[in-house]
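What follows is the residue order along each chain.
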Amino acid sequence: MPLQGNQRTKLDDTDDNLFYSYPRFVTHVDEGFIQQLTDLYRERLKPNTRIFDMMSSWVSHLPEEMEFAHVEGHGMNEEELAKNPRLNHYFVQNLNANPKLPLPDSEFDAVVNCVSVQYLQNPDAIFAEMHRILKPGGVAIISFSNRMFYQKAIAAWREGSEGDRVKLVQGYFDSVKGANIPGFSKPEVIAKQSSLPSFMQILGMGGGDPFYAVVAYRQS
């Protein structure tokens, strides 16, 4: 079911381009999360393939030992993207203003998105675009934790539990189908909830970031 208008709203409605204009050379999740994500990429991505790193920054968390034919980056901050050593090419675009990706059909073997899906106001349009640019059988890996720029996350994400957020992303994948669109495979959920009590997570104690990934394949 598509998001209702009020579910797509952000607390901070000022221009996203301004919010992301200052580079943030930090990682937005802890080492445990990053390790689990890199291991998942190692398992699901194949060497010498074409990767689209959507909503990227200065680091992609791809396995260091894996060589890819091409890694295309996208993000909101040119300085961050320019510092990312894994990107062969990148472009800057506000997907909330324009969800149409400037990329050819069936061009990529994988689309990855790390801790950014919560900011998409038109996720149905973006997931349709992900489907379009993937080759048949190509994989999409959407990973997230419980951290966010709260003021820029959509209401449906902010107000939901961690389980609700998993269901949201599953729903985004499921929204891509139609008379001539086979859509995505049944989304697979990989979840490792935080072992720390919630009050310790709120205090920012290390090692406690929950890890969630929703994975699906473009059906041919």
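Residues numbered from 1 in each chain as written. Predicted model: local features only at pLDDT ≥ 70, side-chain atom pairs only at ≥ 80, totals over all residues. Heavy atoms only, no water.

Draft legend 1. Region of the structure containing the packing of helix H4 (residues 123-133) against helix H6 (residues 162-174). For the pair H4 and H6, the least separation of the axes is 8 Å and the interaxial angle reads 55 degrees. Considering the angle they form, H4 stands oblique to H6. Crossing angle aside, the handedness with which H4 passes H6 is right-handed. Two secondary-structure elements touch here, H4 through Pro123, Phe127 and Met130 and H6 through Val169, Tyr172 and Phe173. In terms of residue class, the contact of H4 with H6 is made up of 6 nonpolar, no polar and no charged. (Axes fitted to C-alpha atoms, helices over the stretch in contact; angles between N-to-C directions. Helix = DSSP H or I, 4+ residues; strand = E, 2+ residues; numbered from the N terminus. Parallel < 35°, antiparallel > 145°, perpendicular 65-115°, else oblique. Left-handed = near helix turned anticlockwise from the far one by under 90°. Contact = heavy atoms within 4.5 Å. Nonpolar A, V, L, I, M, F, W, Y, C, P; charged D, E, K, R; others polar.)

Draft legend 2. Structural detail: helix H2 (residues 31-44). The terminal C-alpha atoms of H2, which comprises 14 residues, lie 20 Å apart, in line with the 20 Å expected from a rise of 1.5 Å per residue. Phe33, Ile34, Leu37, Thr38, Leu40, Tyr41 and Arg44 are the residues of H2 that are buried. Along the axis of H2, the buried positions cluster into a sector of 160 degrees, meaning they face one direction only. For H2, exposure combined with an orientation more than 90 degrees from the buried face picks out Glu31 and Glu43. (Expected span 1.5 Å × (residues − 1). Buried < 20%, exposed > 50% of the residue type's maximum accessible area, 1.4 Å probe, protein only. Arc of directions from axis to C-beta.)

Draft legend 3. Main features of the pattern of salt bridges. One pass over the full model with this rule turns up 9 salt bridges. Between Glu65 and Arg42 there is a salt bridge; the shortest N-O distance is 2.8 Å. Here Arg42 lies in helix H2 and Glu65 lies in the loop between strand E1 (50-53) and strand E2 (70-75), a separation of 23 residues in the sequence. Looking at Glu65, the relative accessible area reads 52%, which means it is exposed. Judged by its relative accessible area of 36%, Arg42 falls in the partly exposed class. Across the pair Arg50 and Glu107 runs a salt bridge, and its minimum N-O distance is 3.0 Å. Taken as a pair, Arg50 in strand E1 and Glu107 in the loop between strand E3 (89-92) and strand E4 (108-114) lie far apart in primary sequence, 57 residues in all. Here Glu107 falls in the partly exposed class, since its relative accessible area comes to 24%. Connected via shared salt-bridge partners are Lys100, Asp105, Glu129 and Arg132. (Salt bridge = Lys/Arg side-chain N within 4 Å of Asp/Glu carboxyl O.)

Draft legend 4. Up close: the nonpolar core. Within the largest apolar cluster, 35 residues are counted, with the highest numbers of intra-cluster contacts made by Phe52, Val117, Phe127, Met130, Phe144, Val169 and Phe173. Residue assignment for this core shows that the elements contributing at least two residues are E4, H4, strand E5 (134-144), helix H5 (155-158), H6 and strand E7 (211-217). No other element matches the 5 residues that H6 contributes to this core. With sequence-adjacent residues up to four places away left out, Phe173 is seen in contact with Phe127, Met130, Ala140, Ile142, Phe184, Pro187, Val214 and Ala216. (Core = buried A, V, L, I, M, F, W, Y, C linked by side-chain atoms within 4.5 Å.)

Draft legend 5. Representation of the pairing of E7 in the model. For E7, the buried fraction is high: 6 of the 7 residues fall into the buried class. Across 5 bridges, strand E6 (residues 188-192) lies against E7 in antiparallel orientation. If you follow Lys192 over to E7, its bridge partner there is Phe211. (Pairing = 2+ DSSP bridges.)

Draft legend 6. Highlighting the side chain of Glu129. Structurally, the position occupied by Glu129 is in helix H4. On the basis of relative accessible area, Glu129 is assigned to the buried category, the value being 7%. Within polar-contact distance, the side chain of Glu129 engages the side chain of Lys100 at 3.3 Å. Once residues lying within four places of it in the same chain are set aside, the contact partners of Glu129 are Pro99, Lys100 and Leu101. (Polar contact = N/O pair within 3.5 Å; in protein donor to acceptor, adjacent residues only side chain to side chain.)

Draft legend 7. Here's a closer look at the environment of Val115. Tracing the backbone shows Val115 in the loop between E4 and H4. Note on Val115: relative accessible area 14%, which makes it buried. Once the C-alpha coordinates of Val115 and Met55 are considered, the two residues, 60 residues apart in sequence, prove to be 8.7 Å apart.

So yeah, pure geometry; function would need other evidence.
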